[in-house]
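Reading the structure
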Amino acid sequence: MNSEAEVLLETVHFAADKHRKQRRKDPEETPYINHPVGVARILSHEGGVTDIEVLQAALLHDTVEDTDTTHTELEAKFGPVVARIVQEVTDDKSLPKPDRKRAQVDHAAQCSRQAKLVKLADKLYNLRDLNRCTPVGWSSERVHEYFVWACEVVRKLKGTNSVLEEKLAELFRQRGLDL
Ligand SMILES: Nc1nc2c(ncn2[C@@H]2O[C@H](COP(=O)(O)OP(=O)(O)O)[C@@H](OP(=O)(O)OP(=O)(O)O)[C@H]2O)c(=O)[nH]1
Ligand SMILES: [Mn+2]
């Protein structure tokens, strides 16, 4: 029997290894792993989420989209539930970007509650990150468009976690957007 601490540490270790060569788009080139760790932390510390499979999926949520990790690999190592949540939040990178962004809006409402939690925390982290600093090469219009698009996605996730939704609503309000 593995303790929850062992499970979470194995998961964060796996994610850190998979993302080891990646950096965020901020001018300081923050290690990418700060993002999935921060998303999991938002869920536990702010959202009150204790479901370990949701916290694991948060740590792993960008591994299939952005690294060589496969669904089968996650299933074998972390089980079918964690692998399924990650799959639900994984964009199809073969689609042209506008289609990929539209697909998130179109599919958000059909996600499981567990996947919706990860999506809420992912957006909350990324919007806070945009308020902290502008990614290299992004104009203020592009930043605003990300807020507009994220608001459309989060509208489809409403009724999942009131604390996270209220924090998101406040960030949108500051940009003149209504959730
Ligand atoms: N705000 C911010 N985002 C950064 C930074 N570095 C990397 N990102 C990532 O960039 C993605 C948003 O940028 P976009 O241009 O809209 O999307 P793209 O990378 O998929 O083309 C997010 O992906 P994601 O987590 O998969 O979420 P999603 O936006 O696709 O839902 C976010 O995690 C950074 O410094 N600041
Ligand atoms: Mn993410």
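Note that the structure is predicted; figures quoted are calculated from it, not measured.

With that settled, consider the pattern of salt bridges. Counted according to the given criterion, the structure contains 14 salt bridges. Across the pair E46 and R128 runs a salt bridge, and its minimum N-O distance is 2.8 Å. Here the residue E46 occupies a position in helix α2 (residues 34-46), and R128 occupies one in helix α8 (residues 113-132), the gap between them amounting to 82 residues. With a shortest N-O distance of 2.8 Å, R84 and E88 are connected by a salt bridge.

Next up on the list: the coordination of the manganese ion (ligand 2). For the manganese ion (ligand 2), the full set of protein donor atoms is H35 (NE2), H61 (NE2), D62 (OD) and D122 (OD), at a range of 2.2 to 2.4 Å. Of note, the manganese ion (ligand 2) draws all its donor residues from one chain, in the sequence arrangement H-x25-H-D-x59-D. Here D122 lies in helix α8 and H61 lies in the loop between α3 (52-60) and α4 (63-66), a separation of 61 residues in the sequence. Each member of the pair, H61 together with D122, is buried.

So, about the UniProt feature "domain: HD" (unreviewed entry) in the protein. Feature annotation in UniProt assigns "domain: HD" (unreviewed entry) to the following positions: residues 32-127. Here residues 32-127 is 72% helix and 0% strand, with 16 Å between the C-alpha atoms at its ends.

Considered as a void within the structure, the largest pocket measures approximately 890 Å³ in volume. Lining the largest pocket are 35 residues, and of these K25, K101, N126, W138 and Y146 sit closest to its centre. Counting only elements with at least two residues in the lining of the largest pocket, the list comes to α4, α7 (97-107), α8 and α9 (140-155). With seven residues, α8 is the largest single contributor of residues to the lining of the largest pocket.

Two elements in contact, α3 and α8, have axes separated by 10 Å at closest approach and are oriented at 45°. As summarised for this structure, α3 and α8 are arranged oblique, according to the angle between their axes. The handedness of the crossing between α3 and α8 comes out as right-handed. Residue-level contacts link E53, V54, A57 and A58 of α3 to Q114, L117 and V118 of α8. Partitioned by chemical class, the residues of the contact of α3 with α8 number five nonpolar, one polar and one charged.

As a further point, take the site of ligand 1. With respect to spatial proximity, 22 residues lie near ligand 1, and among them K25, K97, K123, R142 and Y146 are the closest. D62 is positioned with one of its side-chain polar atoms (N or O) 3.3 Å from an oxygen atom of ligand 1. With respect to ligand 1, the side chain of K123 contributes an N or O atom lying 2.6 Å from an oxygen atom. Here ligand 1 is seated within the largest pocket. Listed by contribution, the elements that provide at least two residues to the shell around ligand 1 are α7, α8 and α9. Among the elements that take part in the shell around ligand 1, α8 stands out by supplying five residues, more than any other.

Conventions used here
Residues numbered from 1 in each chain as written. Chains lettered and ligands numbered in written order. Predicted model: local features only at pLDDT ≥ 70, side-chain atom pairs only at ≥ 80, totals over all residues. Heavy atoms only, no water. Salt bridge = Lys/Arg side-chain N within 4 Å of Asp/Glu carboxyl O. Helix = DSSP H or I, 4+ residues; strand = E, 2+ residues; numbered from the N terminus. Donors = N, O, S within 2.8 Å, 3.2 Å for Na, K, Ca; no water. Buried < 20%, exposed > 50% of the residue type's maximum accessible area, 1.4 Å probe, protein only. UniProt positions renumbered as here; feature names shortened; annotations may be inferred. 1 Å grid on protein atoms, 1.4 Å probe; cavity = no way out; pocket = protein on both sides within 12 Å on 5 of 7 lines; lining within 4 Å. Points joined across faces, edges and corners; volume = space filled by probe spheres on them. Axes fitted to C-alpha atoms, helices over the stretch in contact; angles between N-to-C directions. Parallel < 35°, antiparallel > 145°, perpendicular 65-115°, else oblique. Left-handed = near helix turned anticlockwise from the far one by under 90°. Contact = heavy atoms within 4.5 Å. Nonpolar A, V, L, I, M, F, W, Y, C, P; charged D, E, K, R; others polar. Near = heavy atom within 4 Å. Polar contact = N/O pair within 3.5 Å; in protein donor to acceptor, adjacent residues only side chain to side chain. Sits in = over half its atoms within 2 Å of the grid points.

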